[in-house]
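Chain by chain, the residues:
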Amino acid sequence: WVEDNTICAAPVSQRYKFKTSTTVPKLGCMIVGLGGNNGSTVVAGTIANREGITWRTKDGIQTPNYWGSVTQATTLKLGTDAEGKDVYIPFNQILPMVNPNDIVFGGWDINNANLAEAMERAEVLDYDLQRQLVPFMKSIVPLPSIYIPDFIAANQSERANNVILNKTKHQLIEHIRNDIRNFKSQNQLDKVIVMWSANTERFSDVVEGVNDTSDNLLASIKREEEEISPSTLFAVASILEGSTYINGSPQNTFVPGVIELAMKNDVRIAGDDFKSGQTKMKSVMVDWLISAGLKPVSIVSYNHLGNNDGKNLSAPSQFRSKEISKSNVVDDMVESNKILYKENEHPDHVVVIKYVPYVADSKRAMDEYVSEIFMNGKNTIVMHNTCEDSLLASPIILDLVILAELCERIQFRKCDENEAGVSLEGTETFENLHPVMSILSYLLKAPLVPRGTPIVNALMKQRACLENVFKACVGLPAENHMLLEQKLLSRGEERNVQGKVKSVLSEKKLGTVQEAMGTNYIQ
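What comes next concerns the included structure. (Residues numbered from 1 in each chain as written. Predicted model: local features only at pLDDT ≥ 70, side-chain atom pairs only at ≥ 80, totals over all residues. Heavy atoms only, no water.)

## Comments concerning the overall build of the protein chain
Then, in step 1: Within the protein chain, the secondary structure is distributed over 16 helices and 19 strands.
Then, in step 2: Looking at the protein chain as a whole, 50% of its 523 residues are labelled buried.
Then, in step 3: Sequence separation of 24 or more characterises 74% of the internal contacts of the protein chain that already satisfy a separation of 6 or more.
Then, in step 4: In the form shown here, the protein chain has an accessible surface area of approximately 25,900 Å², with 52% of it arising from carbon and sulfur atoms. (Helix = DSSP H or I, 4+ residues; strand = E, 2+ residues; numbered from the N terminus. Buried < 20%, exposed > 50% of the residue type's maximum accessible area, 1.4 Å probe, protein only. Contact = heavy atoms within 4.5 Å. Areas by Shrake-Rupley, 256 points an atom, 1.4 Å probe, with all protein chains shown as cover.)

And the structure:
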């Protein structure tokens, strides 16, 4: 609070209890855009890992992995041991999580190519791997999808040969709901998560009386309002089926009416836009520069890519959606430092995306960061980043699905000030995590957060949120990096003595501590 133009602060303590179901369900993931580069690559990658397929390249024999996945390829600090050394465990061992090899995939696409054909068309994976995957992939055929030409680039019309025809928007929702039910039943699944990985749409106008509330949105769908996008129809269908919905593209699928509908039905939603390459780097760079007391004044980001995503983004309306999601990533970091930036002052920030068919899925990203430094000096950092787009996005898709499912099993509540001990099982009322899963911000360019809560884009803060919430679920404290136990003089002397003892005992092979150090060192 502020008193006499002075900011005052006081410590506040709040205790929470967490309850997490440890039952791992049989999980299905339905991807909108299943036949795209991301969809075909993530399915191919999980099959290769599940079946242990190896393949030969000019570099030799290759083995499948999940590099790039937070849940499968990173570790989490559990604490410190008796000697003060950090102890790490695989991230996916902190709580029971779905194994990506066990996820059942399905979904929709406006193109009818089976996944073997889609994989070949994508030109992402090595030929020898593709050859071995064909028997597993050719039987997976996308379901017909919703196609409304106004929302995506005109150049996508040539792919649209697998669309749901002659249905109203209300009927389209019922069609998608039936697809979800059938997929769940046919594969004997406990849960289904729906993921949008299809084309970037243009932004939808938020119109009072149309999509501003859940009731208005549902009524607008029945009366065929034009401003209801395909991604919003999928989101509504998913929410009404009780399935978590994740938006992996930058458009504003989550208009206010969709968010309210999710909250009313207590169904999880997350978005927007997979964070895989340039934006992830930017959230690190700007956080570092501002934290170092340097003032970024110009950020220019250029991309060119040749996959179908790039082709769709070559249309101005679709590019605008991507530009917004990429540009907002520095806002919270700038606003955190009023020493460097005056009120309403921001760096110049420009994003350019060009379609270059030859480079296919191998996206090029070039960034220039210009910062003001000491005594009116200037510092310029230029970066070039070659992003294998779908190979970076696919592990993120898996993480989003796995972590979203885990978040469905986490409940918590506030403890009363004088509450003691753990009460009897079944007598406490716990709440689910908020339907808007801001906890997944680490994986998304433009994080969706509950209304009235701050947006955090700084990458390490987002990662710390994931780690600390999951540690709280098992009763471990949040990581604070203070290491106070290492900063006491007495602790330092003790560790120094222990180190000398070990060193001398090892080198001189003396039998006792007293022989090594003399009795003056032993208390």
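## Side note on helix α4 (residues 127-137)
In an α-helix, one turn spans 3.6 residues, which is why side chains three or four residues apart end up on the same side.
Then, in step 1: Taken together, the buried positions of α4 are occupied by Asp 128, Leu 129, Gln 130, Leu 133 and Met 137.
Then, in step 2: Taken together, the buried residues of α4 touch α1 (37-51), β5 (55-57) and α3 (115-122).

## Details of the packing of aromatic side chains
Then, in step 1: Here the structure, examined in full by the defined rule, presents 6 aromatic pairs.
Then, in step 2: Seen in terms of ring centroids, Phe 18 and Phe 412 are 5.3 Å apart; in terms of plane orientation they differ by 15 degrees. Their pairing is stacked. Here Phe 412 lies in strand β18 (residues 410-414) and Phe 18 lies in strand β3 (residues 16-20), a separation of 394 residues in the sequence.
Then, in step 3: For Phe 18, a relative accessible area of 27% gives the class partly exposed.
Then, in step 4: Plain terms: the ring middles of Phe 91 and Phe 470 are 6.0 Å apart, the flat faces sit at 80 degrees to each other, and that makes the pair edge-to-face. Of this pair, Phe 91 sits in the loop between β8 (86-90) and β9 (104-109) while Phe 470 sits in helix α14 (residues 459-473), and the two are 379 residues apart along the sequence.
Then, in step 5: Here the aromatic cluster, defined as three or more aromatic residues joined through ring pairs, consists of Tyr 16, Phe 18 and Phe 412. (Phe/Tyr/Trp six-rings, centres within 6.5 Å; stacked < 30°, edge-to-face > 60°.)

## So, α1
Then, in step 1: Here α1 spans 21 Å end to end across 15 residues, near enough to the 21 Å set by a 1.5 Å rise per residue.
Then, in step 2: When you tally the buried positions in α1, you get 12 out of 15 residues, the bulk of the element.
Then, in step 3: Residues of α1 that are buried: Asn 37, Asn 38, Gly 39, Ser 40, Thr 41, Val 42, Val 43, Ala 44, Thr 46, Ile 47, Ala 48 and Asn 49.
Then, in step 4: Looking at the packing, one finds that the buried side of α1 touches β4 (27-32), β9, α3, α4 and α13 (389-408).
Then, in step 5: Gly 52 lies just past α1 and shows a positive phi near 65 degrees. (Expected span 1.5 Å × (residues − 1).)

## Quick notes on a nonpolar patch on the surface
Then, in step 1: A surface patch of nonpolar side chains, about 390 Å² in accessible area, is lined by Ile 373, Phe 374 and Met 375.
Then, in step 2: The residue Phe 374 is located in the loop between β16 (362-373) and β17 (377-388) in this model.
Then, in step 3: With a relative accessible area of 71%, Phe 374 lands in the exposed category. (Patch = residues over 30% accessible without salt bridge, like charges linked within 9 Å, V, L, I, M, F, W, Y side chains within 5 Å. Salt bridge = Lys/Arg side-chain N within 4 Å of Asp/Glu carboxyl O.)

## Some details on the side chain of Ser 249
Then, in step 1: Within the fold, Ser 249 resides in the loop between β12 (245-247) and α8 (256-265).
Then, in step 2: Setting aside residues up to four positions removed in sequence, Ser 249 forms contacts with Trp 196, Ala 198, Asn 199, Thr 200, Asp 272 and Asp 273.

## Describing the sheet that holds strand β10 (residues 143-144)
Then, in step 1: The strand order across the open sheet formed by 6 strands is β10-β9-β4-β11-β12-β13, and the pairing between neighbours is parallel. Both edges of this open sheet fall to β10 and β13 (269-270), since each of them pairs with a single strand only.
Then, in step 2: With 2 bridges connecting them, β12 and β13 associate as parallel partners. Following the sheet pairing, Tyr 245 is matched in β13 by Ile 269.
Then, in step 3: Contacts from α13 reach β4, β9, β11 (191-196) and β12, with the element oriented near 135 degrees to β11. (Pairing = 2+ DSSP bridges. Axes fitted to C-alpha atoms, helices over the stretch in contact; angles between N-to-C directions.)

## Description of the nonpolar core
Then, in step 1: Counting residues in hydrophobic clusters, the biggest one holds 60 residues, and the most contacted among them are Leu 133, Met 137, Met 195, Leu 400, Leu 440 and Phe 470.
Then, in step 2: Of all elements in the fold, only β4, α1, α3, α4, β11, α13 and α14 reach the threshold of two or more residues within this core.
Then, in step 3: The biggest single contributor to this core is α13, with 10 residues.
Then, in step 4: Beyond its immediate stretch of four places on either side in the chain, Leu 133 contacts Ala 44, Ile 47, Ala 48, Ile 53, Met 119 and Leu 125. (Core = buried A, V, L, I, M, F, W, Y, C linked by side-chain atoms within 4.5 Å.)

## Looking at unusual backbone geometry
Then, in step 1: Residue Asp 272 is reached from Gly 271 by a cis peptide bond, and omega for that bond is 0 degrees.
Then, in step 2: In this fold, Asp 272 is placed in the loop between β13 and α9 (278-291).
Then, in step 3: Within the chain, Ala 360 stands out as a residue other than glycine whose phi angle is a positive 50 degrees.
Then, in step 4: We classify Ala 360 as buried; its relative accessible area is 16%.

## Some remarks on the sheet that holds strand β19 (residues 431-432)
Then, in step 1: Taken in spatial order, the 3 strands make up an open sheet running β3-β18-β19, and their pairing is antiparallel. Strands at the two margins of the open sheet, each flanked by one partner only, are β3 and β19.
Then, in step 2: Where β18 and β19 come together, 2 bridges link them in antiparallel fashion. Looking across to β19, one finds that Phe 412 is bridged to Glu 431.

## A look at the pairing of β16
Then, in step 1: Two strands pair when backbone bridges link them, and strand β14 (residues 295-305) and β16 are joined in this way by 9 bridges, in the antiparallel orientation. When the bridges of β16 are listed, Asn 303 appears paired with Ala 365.
Then, in step 2: Sheet analysis places β16 next to β17, joined by 12 bridges and oriented antiparallel. Along β17, the bridge assignment pairs Arg 364 with Thr 386.

## Some thoughts on the pattern of salt bridges
Then, in step 1: Under the defined criterion, the tally for this structure stands at 22 salt bridges.
Then, in step 2: Where Asp 150 meets Arg 202, a salt bridge forms, and the shortest distance between an N and an O atom there is 2.6 Å. In this pair, Asp 150 sits in the loop between β10 and α5 (169-186) while Arg 202 sits in the loop between β11 and α6 (214-222), placing the two residues 52 residues apart along the sequence.
Then, in step 3: Assessed through its relative accessible area of 13%, Arg 202 is described here as buried.
Then, in step 4: A salt bridge links Asp 266 to Arg 268; the nearest nitrogen and oxygen atoms lie 3.0 Å apart.
Then, in step 5: Given the relative accessible area of 6%, Arg 268 is considered buried.

## Focus on the packing of α1 against α4
Then, in step 1: Two elements in contact, α1 and α4, have axes whose closest approach is 10 Å; the angle formed by their N-to-C orientations is 95 degrees. By the angle between their directions, the pair α1 and α4 is classed as roughly perpendicular. Where α1 abuts α4, its residues Ser 40, Val 43, Ala 44, Ile 47, Ala 48, Arg 50 and Glu 51 lie against Leu 129, Leu 133, Phe 136 and Met 137.
Then, in step 2: By residue class, the composition of the contact of α1 with α4 is 8 nonpolar, 1 polar and 2 charged. (Parallel < 35°, antiparallel > 145°, perpendicular 65-115°, else oblique. Nonpolar A, V, L, I, M, F, W, Y, C, P; charged D, E, K, R; others polar.)

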